[in-house]
Amino acid sequence: GIGQERLVGEAVQECEEISAFWFGSDDRLSLVLPAPAEQEPAVRGAISTQTAFHRLQLRYRRTLRDGITLTLQISPGYNTLNFDVGNILFFHLNLWLLNGYEELSIPLHRRLTLVVGWFARAGTYEFAARGPTFPAEGEIPSSLSSQAIFEQRASSQIVEPALYLEMIAEPIDRLRILPGL
């Protein structure tokens, strides 16, 4: 399913705008295996997949003097990716993220704007996988039920700060060039 909502309102002054935007998707597919396959008896149950994400985006924008714009945005959310094949193979990844940025947009000319800002991402992830080990070099692959199984789990934190500088040039209508650092 898909969902999204947007709320926009004026702040205390006319030159300010506050918006909240929620969006996301949760898509799933499951195929039931009524009986184990003769050539792969270890695979039974279902083959299923899920891809999901949801975000809340809160933005504050203020127009300062001479067309200079300040934008602040914070966006918490999560991502999920799951894939399962019966009871023998799975891959699960869950991310909980908080993204944010602050940006100053300075018009230098009618078709030229300087943008400077910072961006940061922080969060945690959980990862789990289970499946058959790969055959050694030169070894002939065998059925899943006769292979050794590995299982791996991990979790950690993510912190990714960055600074950026861009120049937005629009030499003609419908052409935008964005060199940046």
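Definitions and limits used
- Residues numbered from 1 in each chain as written.
- Predicted model: local features only at pLDDT ≥ 70, side-chain atom pairs only at ≥ 80, totals over all residues.
- Heavy atoms only, no water.
- Helix = DSSP H or I, 4+ residues; strand = E, 2+ residues; numbered from the N terminus.
- Contact = heavy atoms within 4.5 Å.
- Areas by Shrake-Rupley, 256 points an atom, 1.4 Å probe, with all protein chains shown as cover.
- Buried < 20%, exposed > 50% of the residue type's maximum accessible area, 1.4 Å probe, protein only.
- Phe/Tyr/Trp six-rings, centres within 6.5 Å; stacked < 30°, edge-to-face > 60°.
- Salt bridge = Lys/Arg side-chain N within 4 Å of Asp/Glu carboxyl O.
- Polar contact = N/O pair within 3.5 Å; in protein donor to acceptor, adjacent residues only side chain to side chain.
- Patch = residues over 30% accessible without salt bridge, like charges linked within 9 Å, V, L, I, M, F, W, Y side chains within 5 Å.

Remarks on the overall build of the chain
Secondary structure assignment for the chain yields zero helices and eight strands. When its helices and strands are written in sequence order, the chain yields β-β-β-β-β-β-β-β. Of the contacts formed within the chain by residues at least 6 apart in sequence, a portion of 54% connects residues at least 24 apart. If you sum the accessible surface of the chain, you get close to 12300 Å²; carbon and sulfur atoms cover 60% of it.

Considering the environment of tyrosine 164
Relative to the assigned elements, tyrosine 164 resides in strand β7 (residues 149–172). With relative accessibility at 19%, the residue tyrosine 164 sits in the buried group. C-alpha separation for the pair tyrosine 164 and leucine 181, spaced 17 residues apart in sequence, amounts to 5.6 Å.

Looking at the packing of aromatic side chains
Per the counting criterion, the structure on display carries three aromatic pairs. Residues phenylalanine 91 and phenylalanine 127 carry aromatic rings whose centres are separated by 5.4 Å and whose planes lie at 70 degrees to one another, so their mutual orientation is edge-to-face. On the criterion of sequence distance, the pair formed by phenylalanine 91 in strand β5 (residues 89–109) and phenylalanine 127 in strand β6 (residues 112–132) is long-range, its members being 36 residues apart. With relative accessibility at 29%, the residue phenylalanine 91 sits in the partly exposed group. The partly exposed category is assigned to phenylalanine 127, whose relative accessible area is 23%. Every member of this aromatic cluster is reached through a ring pair, and the members are Phe21, Phe23 and Phe53.

Notes on the pattern of salt bridges
Summed over the entire model, instances satisfying the criterion amount to eight salt bridges. For the salt bridge of aspartate 173 with arginine 111, the shortest nitrogen-to-oxygen distance reads 3.1 Å. Here the residue aspartate 173 occupies a position in the loop between β7 and β8 (175–177), and arginine 111 occupies one in the loop between β5 and β6, the gap between them amounting to 62 residues. A salt bridge links glutamate 170 to arginine 176, with the nearest nitrogen and oxygen atoms 3.3 Å apart. Overlapping salt bridges bring together Arg130, Glu151 and Arg153 as one network.

Considering unusual backbone geometry
Its identity is not glycine, yet aspartate 66 carries a phi of approximately 55 degrees, on the positive side. Tracing the chain through its elements places aspartate 66 in the loop between β3 (45–63) and β4 (69–85). Of the residues examined, aspartate 66 reaches a relative accessible area of 64% and is grouped as exposed.

Observations regarding the side chain of threonine 80
Within the secondary structure layout, threonine 80 lies in strand β4. Classification of threonine 80 as buried rests on a relative accessible area of 12%. At 3.1 Å, the side chain of threonine 80 and the side chain of asparagine 94 are in polar contact. The residues touching threonine 80, leaving out its near neighbours within four places in the chain, are Gln50, Thr51, Ala52, Leu93 and Asn94.

Focus: a nonpolar patch on the surface
On the surface, Trp22, Leu56, Leu58, Ile74 and Leu98 cluster together into a nonpolar patch covering about 400 Å² of accessible area. Mapped onto the elements of the fold, leucine 98 is located in strand β5.

Notes on the environment of arginine 176
Checked against the element boundaries, arginine 176 lands in strand β8. Residues contacting arginine 176, with those up to four places away along its chain left out, are Ile168, Ala169 and Glu170.

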